[in-house]
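# Residue-level structure breakdown
Residue strings, one per chain:
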Amino acid sequence: MSERKPFKFELTNKKYLTFNSKEVKSDLQRWDLAGRISLVTFAYNDFFKDYQAKDFTFDFFNDPTVQANLQVYSSNRRELVSWGHHEVKEVQAELIPCSITSMDFFDKLTAPGLVRESGALYKCLDEDIDGFLVADELHKMLLTEESEHWDVYNEGERQELLFLLFKHLVLGGPVCQYDDRVDRYLEVTKALYKELITVQKSSETKKIELISKVLKVSAWDGEICWFPGDEHHQTFCYLVLNPVNRIVTVFSHDYGKGCW
């Protein structure tokens, strides 16, 4: 049997103009996400198939160009720092559905008692859920099945990349300043989604369809899990692939534990 040809990677000069805008940066700072999110894009050398998800992820994290350009959050320095050279020995890669093409997906948020038509969030009695101080029904819906609005989105919808991005932004970082309205959460979700995903018009249906492949990944260097840095559900790492142009964008966030 011939030896598997590894994927190779090169850094691109892609700019994230919308996501790095002054307005969005202000939102990220308010939600305590600024300085914790890393967004970087690489080109790769061969076509990707779904069954190659684990091999692709293994090659990605062991590639010297990737290692030289990835960043991890340092709890001591309270900023993103260069990851450096590591020998990744184990990875996990889970394909995440990415099929939503319209922000109409979030129209259901105006269910009675969740989000008002004006965009204002319905409040609730303060309670701690998974370490988050919850003061509105939207946060409760995102965090616990005990919410009366949990079923507004079914399990399949909750696994969609668009829903996950929205959830990550709403929950924010350790000292997040929550918004009282849903507007900016939705606007920044849309901006980030457009930065990450790739669409094209179907030759058959003439409709816009998503062609991106999304992997939720983990990478271990011996006993240390570097990506993501801990098991908190706000610490994550996604690889978003454009299989046509053969580019992959890393979107990662560390909730605050950091690596050193």
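Our subject in this report is the structure included herewith.

Conventions used here
- Residues numbered from 1 in each chain as written.
- Predicted model: local features only at pLDDT ≥ 70, side-chain atom pairs only at ≥ 80, totals over all residues.
- Heavy atoms only, no water.
- Axes fitted to C-alpha atoms, helices over the stretch in contact; angles between N-to-C directions.
- Helix = DSSP H or I, 4+ residues; strand = E, 2+ residues; numbered from the N terminus.
- Parallel < 35°, antiparallel > 145°, perpendicular 65-115°, else oblique.
- Left-handed = near helix turned anticlockwise from the far one by under 90°.
- Contact = heavy atoms within 4.5 Å.
- Nonpolar A, V, L, I, M, F, W, Y, C, P; charged D, E, K, R; others polar.
- 1 Å grid on protein atoms, 1.4 Å probe; cavity = no way out; pocket = protein on both sides within 12 Å on 5 of 7 lines; lining within 4 Å.
- Points joined across faces, edges and corners; volume = space filled by probe spheres on them.
- Salt bridge = Lys/Arg side-chain N within 4 Å of Asp/Glu carboxyl O.
- Buried < 20%, exposed > 50% of the residue type's maximum accessible area, 1.4 Å probe, protein only.

## Points about the packing of helix α6 (residues 161-171) against helix α7 (residues 183-196)
Two numbers describe how α6 lies on α7: the axes approach to 9 Å, and their chain directions differ by 130°. By the criterion of interaxial angle, the relationship of α6 to α7 is oblique. Like other packed secondary-structure pairs, α6 and α7 cross with a definite hand, here right-handed. On α7, the residues touching Leu161, Leu162, Leu165, Phe166, Leu169 and Val170 of α6 are Tyr185, Leu186, Val188, Thr189, Leu192, Tyr193 and Leu196. Across the contact of α6 with α7, the residue classes tally to twelve nonpolar, one polar and no charged.

## Section: the layout of surface pockets
By volume, the second largest pocket is sized at about 260 Å³. Residue contributions to the lining of the second largest pocket peak at four residues, all from strand β2 (residues 37-44). Looking at the lining of the second largest pocket, its residues break down into nine nonpolar, six polar and one charged.

## Here we look at the pattern of salt bridges
Side chains that carry opposite charge are capable of pairing whenever their charged atoms lie near each other. According to the stated counting rule, one finds 14 salt bridges in the structure shown. Arg4 is paired through a salt bridge with Asp55; the nearest N and O atoms lie 3.7 Å apart. Of this pair, Arg4 sits in the segment before β1 (9-11) while Asp55 sits in helix α2 (residues 53-62), and the two are 51 residues apart along the sequence. In this structure Arg4 comes out as partly exposed when scored by relative accessible area, which is 38%. Linking Asp183 and Arg181 is a salt bridge whose minimum nitrogen-to-oxygen distance equals 3.0 Å. Judged by relative accessible area, Asp183 falls into the partly exposed class, the value being 29%. Arg181 gets classed as partly exposed once you look at its relative accessible area, which sits at 38%. When salt bridges with common partners are traced through the structure, they connect Glu23, Asp27, Arg30, Asp179, Arg184 and Glu187 into a single cluster.

## Digging into the side chain of Gln67
Turning to its location among the elements, Gln67 is positioned in helix α3 (residues 64-69). Taking the relative accessible area as the measure of exposure, Gln67 reaches 2% and is therefore buried. Among residues more than four places away in sequence, those in contact with Gln67 are Phe61, Asn62, Trp83, Gly84, His85 and His86.

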